[in-house]
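Working through the structure, step by step
Here's the letter readout for the chains.
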Amino acid sequence: MVAIKVRKIQTSVEEVFHEGGPVAAKPLRQGSVVAVIENPYAGRYVEDILPMMEALKPLGLEMSQRLVAALGVAPGEIEGFGKGAIVGAAGELEHGALWHVPGGYAMRELLGDAKAIVPSTKKVGGPGTQIDIPVTHINASYVRSHFSALEVSAVDAPAANEIAVILVMTTGPRIHARVGGLKASEIKGEDGLR
Amino acid sequence: MTAKIRKLVVQVEETRSEMGKEVNPPVRKAAAIAVIENPFAGKYAEDLTTLMDIGEELGDLLGRRAVAALGIKPNEAESYGKAAIVGDAGELEHAAAILHPKLGKPLRVAVEKGAALVPSAKKRAGIGAPIDVPLGHKDAAFVRSHFDAMEVRVSDAPRSNEILVAVVVTDSGRPLPRVGGLQVSEIEGKDGLR
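Anyway, here's the lowdown on the structure attached to this text. (Residues numbered from 1 in each chain as written. Chains lettered and ligands numbered in written order. Predicted model: local features only at pLDDT ≥ 70, side-chain atom pairs only at ≥ 80, totals over all residues. Heavy atoms only, no water.)

**Regarding the overall build of chain B**
For the record, the criterion: Helix and strand labels come from DSSP, where a helix needs a run of H or I of at least four residues and a strand needs a run of E of at least two; each type is numbered from the N terminus. The quantity called the radius of gyration is restricted to C-alpha atoms. Its globule counterpart is 2.2 Å times the number of residues to the power 0.38. Here, residues are in contact when the closest pair of their heavy atoms is within 4.5 Å. Accessible surface area values rest on a Shrake-Rupley calculation with a 1.4 Å probe, where residue burial reflects the displayed protein chains alone. Positive charges are assigned to Lys and Arg, negative charges to Asp and Glu, while His and the chain termini are left out of the count. To locate a charge, take atom NZ for lysine, CZ for arginine, CG for aspartate or CD for glutamate.
Looking only at helices and strands, chain B features 3 helices and 7 strands. The order of α-helices and β-strands along chain B, N terminus first, is β-β-α-β-α-α-β-β-β-β. Radius of gyration (C-alpha) of chain B: 17 Å, near the 16 Å computed for a compact globule of 194 residues. Here the C-alpha coordinates of chain B stretch approximately 50 × 35 × 25 Å along the principal axes. Residue pairs in contact within chain B that sit at least 24 positions apart in sequence constitute 77% of those at least 6 positions apart. Taken as a whole, chain B presents about 8,500 Å² of accessible surface, with 50% of it coming from carbon and sulfur. A gap of 2 Å separates the mean positions of the 27 positive and 27 negative side-chain charges of chain B.

Next up, the structure:
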């Protein structure tokens, strides 16, 4: 089993009251959690990287719990999610792909029966690299009001031998959502799409 | 509240290791940031009292939010700092009006005591600009282990007619400090310096 070594954890939560339009009765909360971990495969090609995928699950769950706590809501109030990873320069993009399973597991474990695929993005980058984490509704990917993204960065990470793994959650639609499409109230919730 | 707040952002950073060496207990910094409307954007105003009053409100709100995000008691706060970024339709003096006359007093209540000067930074800049918030020990400015800074940034702020105001509170100094100077254990805490 690969040991996961965490250098730092960062949470960031935004409360959005308006964006030039009417002030929302209930502000939108959106937040991210970043864990900066050592990349055990940095600097060389390793064929079998799957052991790390399983090893990341407990960290993913801890990150989910921290993010929900930082948002100050119950897990049932989370409506949107996303995930991503930034791999330091001595690693490969494929190392970032290790986050797909544990990142998704971590949020589903906490949010209950979330049906939609967790949208994601990944890249290789240096310390302070900004990444836009895509966000969609947790039960139906086509809900138009919840399509969004949250820009995330950690100022001193990832170093070359590190990976920054990221989760994002939101509590509702864009603050002035008004471009139609499938509404959250119309979700059938069978296939994760509509 | 006099301030028209568009969004609030709270970010927490917890460092658990540095150069492979464990940092125990972890060092933690919290930034609380408000993005507000600049009531004097686009015009010269001689009397900046409104901004001074906003500074007082934000010293209280952001100070309490930062302490809450760290999950500590007010007297467990160790260092602090403040900063503002004025959008390009405002003046640097608007940042000064918020930061200097009245923000410190309620911030010191939020962290209990605070004999030392609150270190500060300000600039006029565009949307997404980062600012390094300088940090110093709250009771003795010469404590060398607590000289630090935290970079903060809000991806969609400040717009031209906005001001971003940040307060940072920590429960610790740098990770693994070892460059000597005045120690926390040696603080007299009378003049705010030593």
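**So, the interface of chain A and chain B**
The criterion, for reference: Summed over both partners, the accessible area lost on bringing two parts together, with a 1.4 Å probe, is the buried area. We define a salt bridge as a side-chain nitrogen of Lys or Arg found within 4 Å of a carboxyl oxygen belonging to Asp or Glu. Identification of polar contacts relies on pairs of N or O atoms within 3.5 Å, with a donor-acceptor requirement for protein atoms, meaning one able to donate a hydrogen and the other able to accept it, and with residues adjacent in sequence counted only if both atoms are side-chain atoms. All amino acids are sorted into three groups, where Ala, Val, Leu, Ile, Met, Phe, Trp, Tyr, Cys and Pro are nonpolar, Asp, Glu, Lys and Arg are charged, and the leftover types, Gly among them, are polar. One bridge is not enough; two strands pair if DSSP finds at least two bridges between them.
Listed as interface residues are 20 residues of chain A and, on the opposing side, 20 residues of chain B. Carbon and sulfur atoms make up 38% of the area that chain A and chain B hide from each other, which totals about 1,900 Å². At the junction of chain A and chain B, the tally comes to 7 salt bridges. Arg16 of chain B is the partner of Glu62 of chain A in a salt bridge, and the nearest nitrogen-oxygen pair spans 2.7 Å. Remark: the boundary between chain A and chain B carries 16 residue pairs in polar contact (both at pLDDT 80 or more). Of all the secondary structure elements, the ones that give two or more residues to the side of chain A that touches chain B are strand E1 (6–16) and helix H2 (57–71) of chain A. The element contributing the most residues to the side of chain A that touches chain B is E1 of chain A, with 11 residues. In terms of residue class, the side of chain A that touches chain B is made up of 6 nonpolar, 6 polar and 8 charged. When E1 of chain A meets strand E1 (residues 5–18) of chain B, the two strands line up antiparallel, connected through 9 bridges. Opposite Val13 of chain A, over in E1 of chain B, you have Val10 of chain B as the bridge partner.

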